[in-house]
Amino acid sequence: MKYYNGLNDIVFKNTLCVEEHKGLLKWLLESCLDIKIDNLILKDKELSKKTKYSKGRVVDLLIESDNKMFNVEINNRPHDYNNDRNLGYLANLYGKSIDKSNDYKKINSCIQLNITSGKKDIELKSKYLLVDTLNESKNIWTDNFIIYEINVDLLKKLYYNKDIKSINKYKPVIMLTLNKEELEEFSLGDERIMEYKDKVNELNSDDDFVTFISREEDQEKTENALRTIISEKNEELKTQKTKLNIEHAKKLKENNVDVKIISDTTGLTIEEIEKL
């Protein structure tokens with residue numbers, strides 16, 4: 001039977017994102033963001049839906065702490081649109097923060113943490129700000145709008161290579177990635193990981209939970225397959241159109257039509273037409 005770990009957003013929301021395990025969430029944020037958090041208030045409304053396993057349609061998690069708002073997103077095998085979607089979440093949160101404040105100097109800092117698997121060419125940890133890229137000063141537009149990203153795949157490699165420094169720093173992220181046997185070993189001697197492990201095992205032993213999450217996973221695979229079919233069909237149509245344009249361009253060229261007119265008519269570049 002498949003074991004669903006914390007990289008599944010529903011498992012994540014039902015282990016760390018509940019009042020009884022709020023300490024685990026605080027540990028995760030402090031490890032990833034290098035900040036001290038005194039108090040957390042969960043703002044995630046998704047858990048108040050008809051069933052606690054229902055997948056929300058907004059953010060994965062929203063938390064308030066002092067003068068900060070945190071948005072956490074689990075990006076497992078992200079699509080091309082993930083960055084734009086997640087940026088939209090944070091921008092929306094920032095806009096609401098401005099609306100609620102009666103002083104622009106007291107706007108809540110809005111921080112997004114992306115725990116990402118399946119995305120190539122990113123560092124172990126990245127920090128994104130609104131920065132001036134035209135001038136050497138690299139001035140930051142605001143300190144209140146920050147995106148962090150943790151590369152789970154690279155972190156998992158460091159775990160397998162027994163990189164003790166990285167393992168100790170990112171323990172709460174690593175535990176999200178582990179299968180049942182790995183988690184059992186990793187939890188030895190650490191009460192926080194044991195607390196997480198017990199909750200994940202409980203979820204994976206819940207028939208209703210497994211049935212729901214299996215259906216959701218199957219639906220996601222079906223949607224991905226449809227996207228692939230549509231993408232392949234579009235590429236096929238694009239290739240056919242290009243072939244027709246080439247044949248059309250050849251005939252126009254044989255009749256000594258000006259290459260600029262041929263280019264405007266077929267969409268081919270002048271260089272491509274001259275090579276025909």
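Now for a quick tour of the structure. Every value quoted in this text rests on a predicted model; they were computed, and no experiment measured them. (Residues numbered from 1 in each chain as written. Predicted model: local features only at pLDDT ≥ 70, side-chain atom pairs only at ≥ 80, totals over all residues. Heavy atoms only, no water.)

Counting its regular elements, the chain contains 11 helices and six strands. Going through the 276 residues of the chain one by one, you find that 41% of them count as buried. Within the chain, counting contacts between residues at least 6 apart in sequence, those at least 24 apart form 58% of the total. A total accessible area of about 17,100 Å² is found for the chain, and carbon and sulfur atoms account for 50% of it. (Helix = DSSP H or I, 4+ residues; strand = E, 2+ residues; numbered from the N terminus. Buried < 20%, exposed > 50% of the residue type's maximum accessible area, 1.4 Å probe, protein only. Contact = heavy atoms within 4.5 Å. Areas by Shrake-Rupley, 256 points an atom, 1.4 Å probe, with all protein chains shown as cover.)

Another point: the sheet that holds strand β6 (residues 145–151). The strand order across the open sheet built from six strands is β1-β2-β3-β4-β6-β5, with neighbouring strands paired in mixed fashion. Either end of the sheet is taken by a strand with one partner, and the two such strands are β1 (41–42) and β5 (125–128). Across five bridges, strand β2 (residues 61–65) lies against strand β3 (residues 68–76) in antiparallel orientation. Across the sheet, Ile-63 pairs through a bridge with Phe-70, a residue of β3. Packed onto the sheet, helix α4 (residues 152–160) meets β4 (109–117) and β6 and runs at close to 45 degrees relative to β6. (Pairing = 2+ DSSP bridges. Axes fitted to C-alpha atoms, helices over the stretch in contact; angles between N-to-C directions.)

The next thing to look at is the nonpolar core. Counting 50 residues, the largest nonpolar core has Phe-12, Leu-16, Leu-25, Leu-29 and Ile-115 as its most contacted members. Those residues in contact with Leu-25, other than ones at most four positions away along the chain, are Phe-12, Leu-16, Leu-40, Leu-42, Leu-61 and Ile-63. Counting residues in hydrophobic clusters, the runner-up holds 11 residues, among them Val-59, Leu-90, Tyr-94 and Ile-107. (Core = buried A, V, L, I, M, F, W, Y, C linked by side-chain atoms within 4.5 Å.)

Further remarks concern the pattern of salt bridges. With the rule as written, the count across this model stands at 15 salt bridges. A salt bridge links Asp-34 to Lys-169; the nearest nitrogen and oxygen atoms lie 2.5 Å apart. With Asp-34 in the loop between α2 (22–33) and β1 and Lys-169 in helix α5 (residues 164–169), this residue pair connects regions lying 135 residues apart in the sequence. Residue Lys-169 is classed as partly exposed on the basis of its relative accessible area, which comes to 31%. One salt-bridge network, held together by shared partners, links Lys-26, Glu-30 and Lys-36. (Salt bridge = Lys/Arg side-chain N within 4 Å of Asp/Glu carboxyl O.)

Here we come to the packing of aromatic side chains. Under the counting rule described, the total for this entry stands at three aromatic pairs. Geometrically, the ring pair formed by Tyr-94 and Phe-145 is edge-to-face, given 5.5 Å between the ring centres and 80 degrees between the ring planes. One end of the pair, Tyr-94, is in helix α3 (residues 82–100); the other, Phe-145, is in strand β6, with 51 residues separating them in the sequence. Exposure class is identical for Tyr-94 and Phe-145. Each is buried. A centroid spacing of 5.4 Å and a plane angle of 50 degrees characterise the contact between Tyr-159 and Tyr-160, whose relative ring orientation is tilted. Cluster of aromatic residues (ring-pair linked, three or more members): Tyr-159, Tyr-160 and Phe-186. When the ring centre of Tyr-170 is taken as reference, the NZ or CZ atom of Lys-169 above it lies at 5.2 Å. Arg-192 extends its terminal NZ or CZ atom over the ring of Trp-27, reaching a point 3.9 Å from the ring centre. (Phe/Tyr/Trp six-rings, centres within 6.5 Å; stacked < 30°, edge-to-face > 60°. Lys NZ or Arg CZ within 6 Å of the ring centre and 35° of its normal.)

Quick look at the side chain of Ser-263 now. With respect to the helices and strands, the residue Ser-263 is situated in helix α10 (residues 259–266). Here Ser-263 falls in the buried class, since its relative accessible area comes to 15%. Leave out the neighbours within four places in its chain, and Ser-263 touches Leu-268, Thr-269, Ile-270 and Ile-273.

Looking now at unusual backbone geometry. The backbone of Asp-34 shows a phi angle near 55 degrees, a positive value even though the residue is not glycine. Residue Asp-34 is classed as partly exposed on the basis of its relative accessible area, which comes to 49%.

Moving on, we get to α3. A rise of 1.5 Å per residue sets the reference length of α3, with its 19 residues, at 27 Å; its end C-alpha atoms lie 27 Å apart and thus fit the reference within 8%. Residues of α3 that are buried: Asn-82, Asn-86, Tyr-89, Leu-90, Leu-93, Tyr-94 and Ser-97. Down the axis, α3 shows its buried residues gathered within 130 degrees of arc, on one side only. More than 90 degrees from the buried face of α3, the exposed residues found are Asp-84 and Asp-99. For α3, the elements touching its buried residues are β2, β3, β4 and β6. (Expected span 1.5 Å × (residues − 1). Arc of directions from axis to C-beta.)

What follows covers the environment of Ile-146. Here Ile-146 shows up in strand β6. Taking the C-alpha atoms as reference, Ile-146 lies 8.1 Å from Ser-109; in sequence the two are 37 residues apart. Ignoring sequence-local partners within four residues, the contact set of Ile-146 consists of Leu-90, Cys-110, Ile-111, Gln-112, Lys-127, Tyr-128 and Leu-129.

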